[in-house]
Amino acid sequence: MATKRLAQLVKELTPPPPVVGTLRLGDITYEVPTALNPSRLARSLRLLDIKDPVNLDNLHFMLQKYLLGQDIFLVSQPGPYARRLALTFASLINSEYEYIALHRDVGETELKQGREIREGGNLVYVDSPAVNAVKHGRLLILEGIEKAERGIMPVLNNLLENREMNLDDGTHIFHPLRYQQLETSGTFTSEQGKIFIPAHKNFRVIAIAAPVPPYPGYPLDPPFRSRFQARFIDPIGSLLAINGPSEPANNAEHSSSSQLHPLFDKLRELILTTQYASESRNALEAISRNSLPPFPQTAIAKLRALIQTFPPPDELSPAQLGRLIVTVHPALVHSTLQGWAILSRHTGETGLGELGSPSMSSPTEALGLLGYTAQAIARVDETTARITFTPPPGRHTPVVLNVPAGPRQLRPFPFNDGGKMEFNPTPRFMGLLTCFFQAHALGWDISLIPPALPSTASSSTTTLVKVFGQLLGYDAETLHIYKELGGRELVMRRRIKDGGATSWEPSPLIEGIWSGRLVHLSGLDVIGSTAGSLSRIIQDRETELWEGKRVVGEASSEELQEGQLSVSHPSFRTIVTASKSLPLKEWVSDEHANMFFTLPSHPMDPEEEAAVLRAAGCPDSTTSILLSFADKYRRSLSGDNIIKNRRLGTRTLVSIAKRIAVAPQEDHDLYTLISRSLLAEFLPAVEKLNLNTLLEDSNIFKRTDPYFPNAVIQDGALVFPAPTLGSSEYKPTAIPLFNVREDPEGAASHVPHMEHFYDNSIQTGLMKDIAIDLEILGEHVVLLGNQGVGKNKIVDRLCMLLGRPREYIQLHRDTTVNQLMFTTALENGVINYTDSPLLRAIKYGRFIIIDEADKAPEHVVAIFRSLAGQGELSLSDGRRVRPVKEREGDIVVHPNFRLILLANRPGYPFLGNHFLQVLGENFSAHSVSNPDQESERKLIGQLAPELSDDLVLRLVGAFHDLRKGYENGTLSYPYSLRELINLVRHLKAYPNDTLGDALRNVFDFDIYRPETIDHLAKIFLHHGLDVPNIGLEGARAATKKKIEDVEFTPKDDSLGEPKEGEHDDKEHHGGNKWAGGTGGRDTAGLGGVGGYKRLYKGGDVKQVPQSLKDRVPDHVREKAREMARQELQRKLDELDMTISEAKGYSQLLAATQGHTVSLLDLLENLAAKEEERVWVKRQTDGELDDSRLTEGLTGEATVYKRRGMEKPELGRPQLKPKRIRFIFDLSGSMYRFQYDGRLQRSMETAVMLMETFDRLSRKEKYAWDMTGHSGDGPDISLVPLDKPPTEAKERWKVAEKMYMVPQYAFAGDFTVEAITKGVTEVGAYDADDWFVIAITDANFGRYGITEEELSNAMKRDPKVNTALICIGEGAEATWIPKKLPGKGFRVANTGDIPTVLRSILSTMVDRK
C-alpha cells in the first residue's frame, strides 16, 4: 500500500508538459503543449497552407472534435489532401502522431503487437503504431480504410469506443478514467499494476477513406463507422488547395492564378466544370459519371506547376491539348468515345479549342508537353544537373532548369550520331524523353501508361527508362513486382541473424530513397490496390519503418545520428511501368493518377519500326510485307480477343527478322514464321480463319512443308542436313556442340540420356528451329502443344545431341514465387535457403525446362518475363539477378542460360491458365503438333515393324481423322501421338488381342458418351477397321472373360403374346414371367425371343439361338412391333411430341451433337475454374507458409495458408451470372435462300445452344435468352430470359418457330435495331459479364445499313461484348472484319455457322 501511495504522490507532483503557445482558430482557443518526443512530430515538407480558407475550415472542425475527445473520419476522394490535412492538424497542435497505411495484407500484428527474437533467444513484443499512439497520447492516422479486408478493422472497435485493448504480451489498456478509479480505490496489487496500462487522455484517431461507392473498396462496418465523427472533404476545395511536390505550402491557388498564363484559367475551369457535372443529380447522372469521370485531386496542381515552369505557346494544337489533358487525367486513355465527346464539347465551351487525339499526328511532331524539346544536359554538382529546353514556336526564351541527378557520369546529350547506339533517337523517342525530363523537373515521379490498343508496335518502355537514368547519371535499381508481394515487403523485409535473432532490413526501394537512386518499379499494376500503400512515399517522401523508425521530410543532424529518423535523398525518383497483362481500367485509377505524373506511351510509327527490322538484318522487301501484315493484324485485334491471340509487337517482328538474317539467301516461308510466332495452330476456328484472310491479303501464302532428314553429329557440330522440297535449294544448318569445359559438373550429371527416339521429318524440323533459337539467336523458347506430342522428348533429344546440361522444374497450382527461387530449411532455429534449379541454371549457364508452365498461377509464371527480357530478377531475400554484376551479392546471368517453357495449348479441355499474356513477347514460341501422316507412319514402322504396313496406314489415317474431329468441334478430346504409340505397343506385345480390345485402352474414358463412341466407330469403319468392342457393350463383353457368345436354349420354347413382364431386382434367364431378364420369351429383355422391346437390368446376357428366333410366328412379330410402336408413342406423349416432331428434332440434334458436347464441356469447365481455390495466406491454421517462417519463429499466429476462394481485387465485380443474348436472323431471305442451308444451320445452332444450357449442372451461372429479327421487327422472342425450355418439346417449338417466321415475314431488315436493343437490355442486367451474339444475312447495301450505324450499335455499351456473324449476302461485306475487329465475322459456308458460333462463344466467355 505504501508503494502504491508513493506512486500516486509522484504522479500528482509531476507537472503537466509546459505550454508553447496559444492557438486560436475562429472561436476556439487551445493551449498548445510541448511535445515529449519531438521526433514523433510532423516533419513533412508538404503541409497545407493554414491561411487557405478551405484548409482553415477543415482544421477548425478537427480541433472541435479533438477538444471533445472524439475520433475523426475524413471522407475524401483519392489523393494526398486528407493525409496532409491530418499532418497539418498534428503540426498545428504540436501533437505527436503515428501512421498506418492500410491494404489487403494488414493484419492484427500490424494493428497490435509484433514479436521479435533478440540476441540470446529472448522473445520481446514490439508495439504497433496504434499501441504507441494510445500509450503516449498521440494522433493515430489510419489511411485507406476502404482497402482493409473485412474482419480487420473490428480489432480496433473496443479501442475506439472504450479506449480498451488486450495485448499479446499480457498487458491490458484501460480507459484513463476507469484506470484512475481503480487506482484510487486501491484494489490493485503492485503486480497487477504492471499489467494494466491507462490509455492516454490525448489519444485520438483520424481515419481516412474514399467513399465506397463510387470508388472501389470495402464498405464500412456499421459498428466501426458509428465510432467516428465524419467530415466530407469537398473535392472542389481540395482540387484548389493542394500543392505540388516542388511548390511551397503557401503557393495557394487563389493567390497565384492571376500571375499565370490564360491557358491555366481555362483548364482550371474545365476541371471544375467536370467535377460539378459529376456531382449533378439529374436523370443523366449515371451516364455522365460513367462516361467522363472527374479529374484527379492533383490535376490543378500539376497544371499550375507545368504552366508556371514551361510557359505555353499562345495556342495549343488539338493533339497537344489532348496529350496535356490525358497526362493529368490518365483514366481518359481507357474512357469511352462518349466521354471524349463530352470533354471535347467542354474544351470548346471554355475556349481551349478542339480536343484532338493524344497520339502522334505526324512522325516529326514534337511530343514534349506544351511543345518543348530537351536540348542539352550538363552537370552542375554531385547531385544536380542542368537541362535546357527549346521552347515551342512563338516562344523565344529557352527554359533552363536545375534538376536532381545521380552520382554517375552523365551520358553525352545531344546523342552522338556518329557512334553506334542501342536505339534510334527518333522524334517520338526524344519527345517522350522530354516528357520524362519535364515531369522530373517538376519534382514528380513518373508512370508510363501503355497504349490502350491491345497490340501495337514497341513503345520503347525499357529503353526510355534506361536512357533517362544514364543521361542524369543515376544509379538505377529495377524492382520486378510480382503478385505475391505484400505491402510491407515493398518497404522492408525480415531477416534472421547468425545467432537466430530476428531483425528487419530495408527493401531496395528504401535503400533507393536513402541513396538517391532511380528506382524502376516494373509491373506495379499486378499488385492491384496494394500499390496504394506507397502513396505516402511517392507523394510526401515519408513512410513508417520498423520499430518506430521513420523516413521524414526533414530532420536535424543530431536526430539523423540517433537513427530513429531518416530523410529521403533529394535525387530519389521512381518510374513505374506496367506488365501489360491487365486492362488499363483495372489499375489506372484516381489513386494512381495522384501518385505519379502519368505519361501516355506512343508506339513506333511504321518508318521507325521498319528501321528497327532492317537493323536486325531483314531485307527491305520482306520488311514491307511484315509491316503490312502487322498493321492489318493489330487493327483486327480488340480487347476481347487479345488473350486468345498472341500480340504481334516489334519484338516478335525482330525475332522473325533475325531468323531471316541467319540465312538471308534462302527464300523464307513467311507464312510459317508468322503462324508459328502467333501460335496460329491453337487459335479458335474463327480467329484462325481471320488470320488466314489477313495473311492472304498481305500476299503471304501457305507453302508445302519440306522434308527434314535426320540430324547427324560431325566435326564438333550437330548438323541438320538441307531440307528438300521439289527444286527449292536449302543449305544445311550446323549448331556447335556444347563445350564440356564450360560446365564439367553439369555435363557429367545433367545431360539427358534417351534410349529410344524415333526420328521423323516434322520433329527434326522443329528441333532445328529450336536449336537455332537457343544456340544461334540466343532466344528463350516456349513450346505449346497437345498432350502426348513429344514436347519433353524433343527438348531432351536436342540436349542429348548437343551435350547440353539442363535443369528441370515442374510447376503446379500450388507453386509459389519463393519456391522457384530457393528451397527453405529450418536448422537450429536458423532459416537457411538453398538455391533452386532455376538459380543453378542461371549461375552455371544451363538450359532449364519449366514443365507444365500453364498449370501454375499466372503471377508465378510472370517472373520469367523479366528474366527472359532483361536478364533480371528480384529475389525475396534481397538478392538480385542481373546481366552484369553491379553490386555485391548480385547473381550474374551466365551467357549460356536459357529458359525452355513447356505447356499445353490454351483453352479447353486443357485445364491450364492463359499464361502467354503475362510472358509478353520475350519468348520465341513454337507449336508442337502431331507428326504428319507420313512421319507418323515412319515412326510407327520403326516402333513396331511386326505390324503390317496396311494396318499402320489405316491406324495413322484413323487417328488423323480423330484429330480433325477435335479441331472442328465434333470430338472433345485431342487424340495424340501418345495414344497411338500406346495402342501400337499393346498390339505388338499382345498380338492375339483384337484391335477393339486394344482400343479400349484409349476410348474407355468416353464409355458414357455414346455419341462420341458412335463417332469414333464411324471414323475407324471409314478406314476399314471394324471395332465392335468399344463402348459399353465392349466393356461388358470383357466382364464375361471373353466368352464371346453364351448360347442358351430354354427347355420351354413355346411363345405367347408379347408382354412387359413383372419387375423385380433379381437376375433372370429364360422363362416368360420377369421383365429385364435374358434369353427368355415374350417379355421385355435381352437376348430372348418374342418380346416387343429391349430392356436390360444387368447380369450376363444369355443369347437364344438364331434358329429359335427364326421360328417366331408372323402374328407374334406383328404384335411385338405394334406394342413397340405404342410404347414409343407413349414416350412421345410424355414429351408431347408426334413421331414426325421427334424425328425432326432428333435430326437437328444429331447435326450438332459433337458441338453440343464440346460447348457443354467448356462451360462446365469455366464454372469450375471460377470456383477454383487458391492459397489464402495469413491464416491461423492450415499448412505452414514458407514465406512466413520468420514470423513463426517469433510466435505469430497467422503463419499458415489454406486453400480457399480468391477474393477479387478492389473494384472488380463479384461473381455473378454471365448475361448472354443470341439474336437470330428470321427475315424472309432466310427462307427464300434456304437452299444454301442457312435456315437449317441456324435452327441446328439454336438447338445446340438450348441443349447445352439445359444440360449445364450450374445453370445459375448463365442468364441467357434468344431472340430473332425480321422485316417485321427487331424483337421476336424465341427463348425468354426467365423461361428457358426444359423439355425437348419446348425446344422443338422454338426451332419450328424459327422455320415458320421467315415464311410470313415482310421484306426489310432490323439487324441494327435488334443489336441495339440487345446491347441495351443485356447491359442493364446485374451480371459480371455481358454478351450479345447476332446472326444476319442482311444485304447491307440494299437496306442502307452503314458501317457507322452497325459499329455504333455494337459498341453502344463498352462493357457488353458483341459479335456479329454475317452469312449469305452479309458475308459479302468485306469491310465487316476490318471495321469491327474481333467482333465482325464473315461466314461464306453456312455449314460453318454452328462451328463459328460455338467458337465465338467459347472465346468470349473464356477470355479472362
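As enumerated under the stated definition, the model contains 72 salt bridges in all. Two residues, Arg411 and Glu422, come together in a salt bridge whose shortest N-O distance is 3.0 Å. One end of the pair, Arg411, is in the loop between β15 (399-404) and α17 (427-441); the other, Glu422, is in the loop between β15 and α17, with 11 residues separating them in the sequence. The exposure class assigned to Glu422 is partly exposed, which follows from its relative accessible area of 47%. With its nearest N and O atoms 3.1 Å apart, the salt bridge here joins Arg1219 to Asp1265. Here Arg1219 is found in strand β44 (residues 1218-1225), whereas its partner Asp1265 is found in strand β45 (residues 1262-1270), with 46 residues between them in sequence. For the pair Arg1219 and Asp1265, one class covers both residues: buried.

Within strand β19 (residues 502-506), five of the five residues are buried, leaving the element largely enclosed by the surrounding structure. The pairing of strand β18 (residues 492-496) with β19 spans five bridges and is antiparallel. Residue pairing in the sheet places Arg493 in a bridge with Glu505 of β19.

Reading across the sheet, the three strands line up as β21-β22-β23 and stay open at both edges, with mixed pairing between neighbours. In the strand order of this sheet, the two ends are held by β21 (543-544) and β23 (565-567), each with one partner. In the sheet, β21 pairs with strand β22 (residues 550-552) via two bridges, with the strands oriented antiparallel. If you follow Thr543 over to β22, its bridge partner there is Val551.

Further remarks concern the sheet that holds strand β27 (residues 717-720). Strand order in this open sheet of three strands is β26-β27-β28, and the pairing throughout is antiparallel. Each edge of the sheet is formed by a strand with only one pairing partner; in this case those strands are β26 (712-714) and β28 (733-736). Going across the sheet, the axis of each strand differs from the next one's by a mean of 35°, ignoring polarity. Here helix α29 (residues 761-776) sits on the sheet in contact with β27 and β28, set at roughly 50° to β28. Docked against the sheet, helix α30 (residues 791-802) engages β26, β27 and β28, running at close to 130° with respect to β27.

Below, the discussion takes up helix α25 (residues 650-662). Compared with the 18 Å implied by 1.5 Å per residue over 13 residues, the 18 Å span of α25 between its first and last C-alpha is a close match. Along α25, the residues that are buried comprise Thr650, Thr652, Leu653, Val654, Ser655, Ile656, Ala657, Arg659 and Ile660. Contacts from the buried residues of α25 go to α23 (606-615), α24 (620-636), α26 (670-677) and α29.

Counting through the fold element by element, Leu560 comes out in helix α21 (residues 557-562). Its relative accessible area of 34% is what places Leu560 among the partly exposed residues.

A contiguous patch of positive charge on the surface is contributed by Lys793, Arg978, Arg985 and Lys988. Here the positive patch takes three residues from helix α38 (residues 977-989), the largest share from any one element. Looking at the secondary structure, you find Arg985 in helix α38. What makes Arg985 partly exposed here is its relative accessible area of 46%.

A few words now on the environment of Leu367. Of note, Leu367 is situated in the loop between α16 (337-349) and β13 (373-381). A residue is classified by how much of its surface remains accessible, and Leu367, at 2% relative accessible area, is buried. Separated by 66 residues in sequence, Leu367 and Leu433 place their C-alpha atoms 9.0 Å apart.

Tallied over the full model, the rule gives 22 aromatic pairs. Between Phe310 and Tyr372, the aromatic rings sit 5.2 Å apart at their centres with planes inclined by 65°, giving edge-to-face as the arrangement. You can see Phe310 sitting in the loop between α14 (299-309) and α15 (318-328) and its partner Tyr372 sitting in the loop between α16 and β13, a full 62 residues away along the chain. Taking relative accessible area as the criterion, Phe310 reaches 0% and is therefore assigned buried. Tyr372 sits in the buried class, given a relative accessible area of 1%. Summarising the aromatic geometry, the rings of Phe423 and Phe429 are spaced 4.6 Å apart at their centres and angled 25° between planes, so their arrangement reads as stacked. For the pair formed by Phe423 and Phe429, the shared burial category is buried. Clustering of aromatic rings is evident, with ring pairs tying together Phe413, Phe415, Phe423, Phe429, Phe436, Phe437 and Phe468. Here the basic side chain of Arg1219 rests over the ring of Tyr1325, its NZ or CZ set 5.6 Å away from the ring centre.

The subject of this paragraph is the confidence of the model for the protein. Overall, the predicted model of the protein reaches an average pLDDT of 83, with 85% of residues at or above 70. Contacts of residues 282-289 to residues separated by more than four positions or lying in other chains number five contacts, the stretch itself having pLDDT below 50. Across residues 1041-1046 the pLDDT falls below 50, and counting only partners more than four positions away or on other chains, this stretch makes six contacts in the model.

With that out of the way, let us pick up unusual backbone geometry. Looking along the chain, the bond that leaves Phe413 and enters Pro414 is cis, with omega of 5°. Here Pro414 is to be found in the loop between β15 and α17. A positive phi angle is found at Asp715, which is not glycine, with a value near 55°. By secondary structure assignment, the location of Asp715 is in the loop between β26 and β27.

Conventions we followed
- Residues numbered from 1 in each chain as written.
- Predicted model: local features only at pLDDT ≥ 70, side-chain atom pairs only at ≥ 80, totals over all residues.
- Heavy atoms only, no water.
- Salt bridge = Lys/Arg side-chain N within 4 Å of Asp/Glu carboxyl O.
- Helix = DSSP H or I, 4+ residues; strand = E, 2+ residues; numbered from the N terminus.
- Buried < 20%, exposed > 50% of the residue type's maximum accessible area, 1.4 Å probe, protein only.
- Pairing = 2+ DSSP bridges.
- Axes fitted to C-alpha atoms, helices over the stretch in contact; angles between N-to-C directions.
- Contact = heavy atoms within 4.5 Å.
- Expected span 1.5 Å × (residues − 1).
- Patch = residues over 30% accessible without salt bridge, like charges linked within 9 Å, V, L, I, M, F, W, Y side chains within 5 Å.
- Areas by Shrake-Rupley, 256 points an atom, 1.4 Å probe, with all protein chains shown as cover.
- Lys, Arg positive; Asp, Glu negative; His and termini not counted.
- Charge placed at Lys NZ, Arg CZ, Asp CG, Glu CD.
- Phe/Tyr/Trp six-rings, centres within 6.5 Å; stacked < 30°, edge-to-face > 60°.
- Lys NZ or Arg CZ within 6 Å of the ring centre and 35° of its normal.
- pLDDT = per-residue confidence, 0-100.

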